[in-house]
Amino acid sequence: MFTWQEIIRHMSTVAYRRLGQFDRGIIRPGMFADLVVFDPEKVRDTATFENPRQYPEGIPYVAVNGVLVKDNGVHTGALPGRVLNLDIAQ
């Protein structure tokens, strides 16, 4: 139904704009870099109702605020995330 580009745009840029966050959701100098590298042929959810806290497969790299937190499938130990102040009462 949708292209990967449309899905990613709606999960990032569109979502952040609706939440009033204009320094996220797009790759550009000065923006916060939250990036996920995935293989669309291999990505799959491994969580179940019985065991819900499972990591998905097919996502080898994740960067949060420009810091690599998952490198070739292994967590780096970095915790660069922060709580966002979202004004959702619009």
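The structure we're discussing is the one just above.
Residues numbered from 1 in each chain as written. Predicted model: local features only at pLDDT ≥ 70, side-chain atom pairs only at ≥ 80, totals over all residues. Heavy atoms only, no water.

Caption draft 1: Layout of unusual backbone geometry. Unlike most non-glycine residues, Asn-65 shows phi in positive territory, near 50 degrees. One non-glycine residue, Asn-72, adopts positive backbone phi at about 55 degrees. Inspection of the secondary structure puts Asn-72 in the loop between strand S3 (67-71) and strand S4 (74-75). Here Asn-72 falls in the exposed class, since its relative accessible area comes to 54%. (Helix = DSSP H or I, 4+ residues; strand = E, 2+ residues; numbered from the N terminus. Buried < 20%, exposed > 50% of the residue type's maximum accessible area, 1.4 Å probe, protein only.)

Caption draft 2: A look at the side chain of Lys-70. With respect to the helices, strands and loops of the structure, Lys-70 is situated in strand S3. For the buried Lys-70, which has no salt bridge, the nearest side chain bearing the opposite charge is Glu-57, at an N-O separation of 9.8 Å. Among the polar contacts made by the side chain of Lys-70, one reaches the main-chain carbonyl oxygen of Ile-59 at a distance of 2.8 Å. With residues near it in sequence (within four places) discarded, Lys-70 still touches Pro-56, Ile-59, Pro-60, Tyr-61, Val-62, His-75 and Thr-76. (Lys, Arg positive; Asp, Glu negative; His and termini not counted. Salt bridge = Lys/Arg side-chain N within 4 Å of Asp/Glu carboxyl O. Polar contact = N/O pair within 3.5 Å; in protein donor to acceptor, adjacent residues only side chain to side chain. Contact = heavy atoms within 4.5 Å.)

Function cannot be read off these values alone, since they describe shape.
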